[in-house]
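Fold and geometry: a report
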Amino acid sequence: MSTTTLAVLVPLLPFLGAVAGLLFGRTAPGFVRPLAILPTLAAAVLAVLVALRQGGGQAIDTATELTPTGSVPIELSLYLDGFAVLVAVLVGVVATCVQLYSTAYLHEDPRYPSYAALVSLFTSAMVLVVYSGDLMVLLVGWEVMGICSYFLVGHYWETEAARSASLKAFLVTKLGDVPFLIGLFALATDAGSFRITKILDTVAAGGLDHPTLIALLLLAGVAGKSAQFPLHTWLPDAMAGPTPVSALIHAATMVAAGVYFVARLLPVFAASRAALVVMAVMAAVTMVGSGLAALAQDDIKRVLAYSTIGQLGYMTGALAVGDRGAAVFHLLSHGAFKALLFLGAGVIIHAAGTNSLAAMSRMSGLARRIPDAFWTMTIALLALAAIPPFAGFFSKEAVLVAAEHAATGHSEFAPSAAGWLVLVAGVLTALLTAAYATRLWLMAFRGRGASAPDHGKEPLAMTGVLWLLAIPSVGFGLAAGPLADWFDGGRLTPTLATSILGTGAAAIGAMLTYALWQRATAKAVTAPAAIGPAAAAAAGPGPSAAPGTASAPGAERPAAVAATVSAATAAAESAAETPEVAQVAHTHPAVPAGPAADPGRALLGPLHRHAADGFHLDAVYDRLFVRPVLAAAALVRFLDREVVDTYVRGAGAGPRLLGGLVRRAQTGNVQSYLSALLAGAVVLAIATAVLANVNAGS
């Protein structure tokens, strides 16, 4: 079987599995899990075979035109280079892990058949984006992913949070897709084709008439799909969906599609230095802002969501300095350890019965209850913090090396300003990343308080997947040397200068967070428990509360208690309002309320409140866009009802009034009719005589 045939089967098998799952999921429930796992597993195996056959050598380019489409042809085209085949392997492996994991995680979910089918369809669409050599075919996969994301994020559609999150994700990404589509048509018009190879040939020959405009239009779609500033706000809210969905969509596939698209068409963006500077600014703001926001989140999944945004910022930064090899290297590395982090978070939620880090910090022994999740998440967090020799260290260093290369003026087309922006923001983000990774680990696994509930060993389908993903999280960075031959041949290994900068920043962030956690823990131990409606509801009646005692409304609380009341309240409300917790968690005793040892609060200081709310960007967008649109809609409704409808009603009222007058003359009395006829005849006779005299006199 030829390599081209194998490549066609990679997206086709999950698609057929999705169709079969949707058709027979209800009528033949026994086939749901095989239809979910086997086609995806087969696609992953075939993707590996395609990668081995391609071997990082000459790109495989084949196309067929099904029907004429006018002056700009649309072709079913495959373009298999080193980038495409390796990203397809990542998609296949992570999708298979997610399908296996979901069989246990969503074991009791009544909508599992449709969920599994949508995951398979999503996998097929992502592989289509990766393998496609034609931009219009790529656009089909791009939009199918958006539709699948809408349904998967809104899986728990009974709740307002899931419905709002799915709608927000759909609308924000579509907001970017509108200019993206315009940019695709403009690019194809200049190049005379949607084929990627012909477009790149046109760029090399200097044939683009509007490179800056096209690059900025395409960048808007990339910002929406890959959750980059300012279109990143949908991703944290998308955590309302099931955790395995986040491991697939928000780690290795859809959010990475924008980065992959820019890597495929990097010469188009490199044709405009202005576009590269815009991309560098976008990446720098995204990296630093998301790192600060991650430090202030209480929901473990929202911490990982903001982390994903920041890591995508690293990839965008690498593209801004012209090194797509470093960008895709970090894409592959990040896809493995971030999928592991999300799936590990699912195990924690499954065991602890909460997604709140504040609640977990008041549990002791959680690490002993779920040792598989503890050790694998420790590995993944070390990779995320870029600690050597884990995978994240090598891939992040590749980005910093590329930025340093551009900053010192050694890049062929990237301006040095872009290099300095990415380098400074990248080092600062390394510190923030290590800080929030350390905070997550300490609050989740080093809590103090009541013993964590023991529900026995977690299912093998969940823990086995964690260890499988831990392998690339540890060892993938060692492939930095050979991977260079699969990409553009550029260096992917770290230098001494960037290693000292990146690792030193990470060490400072981790140690500072640990010191602040120790201080916060000491204060939390000595402070009395927080009292509040939500906290009391979560804690239930406690032995420390003496009957008939109550605190005075105006009584002052210690500073440590006042700082943690909101954390306890938020923890209780977060666990109560998250539909996933109720669906997948074991029945367990309520976690006692009290002060939470949160080093992020001390680390951010007065910035904490703003960072926890995503720096109020949703409120800004509400005032700048949502309210004006609603006001314009209200004005249009007023004009339609009070102005347009007035003319319509008037057009009908005039004939009705005339008809009413005529109807009054129709009395049915013959004498009245004869009198009117005689009066009319007399009037006509007089008028005729008058006119005759006038004419005779003239």
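Residues numbered from 1 in each chain as written. Predicted model: local features only at pLDDT ≥ 70, side-chain atom pairs only at ≥ 80, totals over all residues. Heavy atoms only, no water.

**Overview of the overall build of the protein**
Across its full length, the protein carries 30 helices and 4 strands. Every one of the 698 residues in the protein was classed for burial, and the buried ones make up 54%. Partitioning the contacts of the protein with sequence separation of at least 6, the portion at a separation of at least 24 is 83%. (Helix = DSSP H or I, 4+ residues; strand = E, 2+ residues; numbered from the N terminus. Buried < 20%, exposed > 50% of the residue type's maximum accessible area, 1.4 Å probe, protein only. Contact = heavy atoms within 4.5 Å.)

**Let's talk about helix 3 (residues 82-105)**
Between its terminal C-alpha atoms helix 3 stretches 34 Å, which fits the 34 Å expected from 24 residues at 1.5 Å a residue. Burial within helix 3 is extensive, with 22 of its 24 residues counted as buried. (Expected span 1.5 Å × (residues − 1).)

**Brief notes about the pattern of salt bridges**
The tally for this structure, following the rule as stated, stands at 13 salt bridges. When the shortest N-O distance is used, the salt bridge between Asp61 and Arg195 registers 2.9 Å. Of this pair, Asp61 sits in strand 1 (residues 60-64) while Arg195 sits in the loop between helix 6 (160-191) and helix 7 (196-204), and the two are 134 residues apart along the sequence. Residue Arg163 pairs with Glu160 through a salt bridge whose shortest N-O separation is 2.9 Å. Pair noted here: Arg163 and Glu160 are both in helix 6, with a separation of 3 residues, about one helical turn. (Salt bridge = Lys/Arg side-chain N within 4 Å of Asp/Glu carboxyl O.)

**Some details on the nonpolar core**
Core analysis: the largest hydrophobic core is formed by 198 residues, its most contacted members being Tyr131, Phe261, Phe269 and Phe487. Per-element tally for this core: the top contributor is helix 15 (residues 324-352), with 18 residues. Non-local contacts of Phe269, meaning those with residues more than four positions away in its chain, are made with Ala215, Leu218, Leu219, Phe261, Val262, Ala275, Leu276 and Met279. (Core = buried A, V, L, I, M, F, W, Y, C linked by side-chain atoms within 4.5 Å.)

**Considerations on helix 1 (residues 3-24)**
Here helix 1 spans 32 Å end to end across 22 residues, near enough to the 32 Å set by a 1.5 Å rise per residue. Remark: the principal bend of helix 1, roughly 30 degrees, maps to Val10, with a proline, Pro11, within the next four residues. Among all positions of helix 1, only Thr3, Leu6, Ala7, Val10, Pro11, Pro14, Gly17, Ala18, Ala20 and Gly21 are buried. Check the buried side of helix 1 and you find it contacts helix 2 (32-54), strand 1, strand 2 (76-80) and helix 4 (112-131). (Bend = angle between axes of the 7 residues up to and from the residue.)

**Some thoughts on the side chain of Ser356**
Inspection of the secondary structure assignment puts Ser356 in the loop between helix 15 and helix 16 (357-360). There is a polar contact of 2.8 Å between the side chain of Ser356 and the side chain of Asp298. (Polar contact = N/O pair within 3.5 Å; in protein donor to acceptor, adjacent residues only side chain to side chain.)

**Here we look at the confidence of the model for the protein**
On average, residues of the protein score 86 in pLDDT, and 89% of them reach the 70 mark or higher. In the model of the protein, helix 24 (residues 533-539) stands out as the element of lowest mean pLDDT, 39, in contrast to helix 13 (residues 273-294), which has the highest, 96. When the criterion is pLDDT under 50, residues 529-577 qualifies, and its contacts beyond four places in sequence or with other chains add up to 49 contacts. (pLDDT = per-residue confidence, 0-100.)

**Some details on the packing of helix 11 (residues 254-264) against helix 14 (residues 300-320)**
Contact geometry for helix 11 and helix 14: axes closest at 10 Å, N-to-C directions at 0 degrees. In terms of orientation, helix 11 lies roughly parallel with respect to helix 14. For the pair formed by helix 11 and helix 14, the contact residues are Val255, Ala256, Val259, Val262 and Ala263 on the first element and Thr308, Leu312, Met315, Thr316 and Leu319 on the second. (Axes fitted to C-alpha atoms, helices over the stretch in contact; angles between N-to-C directions. Parallel < 35°, antiparallel > 145°, perpendicular 65-115°, else oblique.)

**Digging into the packing of aromatic side chains**
A complete count under the given rule lists 16 aromatic pairs for this structure. Both rings, one in Tyr150 and one in Phe151, keep their centres 5.3 Å apart while their planes meet at 75 degrees; by these two values the pair is edge-to-face. When the ring of Phe374 is compared with that of Phe445, the centres are 5.1 Å apart and the planes differ by 80 degrees; the resulting orientation is edge-to-face. With Phe374 in helix 18 (residues 371-384) and Phe445 in helix 20 (residues 416-445), this residue pair connects regions lying 71 residues apart in the sequence. As far as burial versus exposure is concerned, Phe374 and Phe445 are alike and both buried. Above the ring of Tyr112, the side-chain terminus of Arg33 is found at 4.6 Å from the ring centroid. (Phe/Tyr/Trp six-rings, centres within 6.5 Å; stacked < 30°, edge-to-face > 60°. Lys NZ or Arg CZ within 6 Å of the ring centre and 35° of its normal.)

**Topic: a nonpolar patch on the surface**
On the surface, Val8, Leu12, Phe15, Leu16, Val19, Leu23 and Phe24 cluster together into a nonpolar patch covering about 600 Å² of accessible area. Mapped onto the elements of the fold, Val19 is located in helix 1. (Patch = residues over 30% accessible without salt bridge, like charges linked within 9 Å, V, L, I, M, F, W, Y side chains within 5 Å. Areas by Shrake-Rupley, 256 points an atom, 1.4 Å probe, with all protein chains shown as cover.)

**What to know about the side chain of Lys168**
Along the chain, Lys168 turns up in helix 6. With a relative accessible area of 19%, Lys168 lands in the buried category. Within the structure, Lys168 has its side chain in polar contact with the side chain of Asp618 (distance 2.9 Å). Setting aside its immediate chain neighbours within four residues, Lys168 contacts Thr233, Trp234, Asp237 and Asp618.

**A few points about the pairing of strand 2**
When you tally the buried positions in strand 2, you get 4 out of 5 residues, the bulk of the element. Here 5 bridges tie strand 1 to strand 2, and the two strands are oriented antiparallel to one another. Bridge assignment links Ile60 to a residue of strand 2, and that residue is Leu80. (Pairing = 2+ DSSP bridges.)

**A word on unusual backbone geometry**
Put simply, Phe229 and Pro230 share a cis peptide bond, and its omega is 5 degrees. With respect to the helices and strands, the residue Pro230 is situated in the loop between helix 8 (211-225) and helix 9 (234-237). The omega torsion across Pro388 and Pro389 is 5 degrees, close enough to zero to call that bond cis. In this structure, Phe615 is a non-glycine residue whose phi angle is positive, near 55 degrees. Judged by its relative accessible area of 31%, Phe615 is partly exposed.

**Here we look at the environment of Ile387**
Mapped onto the fold, Ile387 is located in the loop between helix 18 and helix 19 (391-407). What Ile387 contacts, discounting residues up to four positions off in sequence, is Leu382, Phe393 and Ala506.

**Describing the environment of Leu366**
Structurally, the position occupied by Leu366 is in helix 17 (residues 366-369). Looking at Leu366, the relative accessible area reads 1%, which means it is buried. For the pair Leu366 and Ala352, spaced 14 residues apart in the sequence, the C-alpha separation amounts to 7.5 Å. Aside from chain neighbours lying at most four places away, what touches Leu366 is Ile348, Ala352, Met360, Ala444 and Ala452.

**Some words on the packing of helix 13 against helix 14**
At their nearest, the axes of helix 13 and helix 14 sit 8 Å apart, and the two run at 155 degrees to each other. Classed by the angle they form, the pair helix 13 and helix 14 counts as roughly antiparallel. With respect to the hand of their crossing, helix 13 and helix 14 are arranged in left-handed fashion. Packed against helix 13, whose contacting residues are Leu276, Met279, Ala280, Met282, Ala283, Thr286, Met287, Ser290, Ala293 and Ala294, the element helix 14 presents Val303, Tyr306, Ile309, Gly310, Gly313, Tyr314, Thr316, Gly317, Leu319 and Ala320 at the interface. Grouping the amino acids of the contact of helix 13 with helix 14 by side-chain chemistry returns 14 nonpolar, 6 polar and no charged. (Left-handed = near helix turned anticlockwise from the far one by under 90°. Nonpolar A, V, L, I, M, F, W, Y, C, P; charged D, E, K, R; others polar.)

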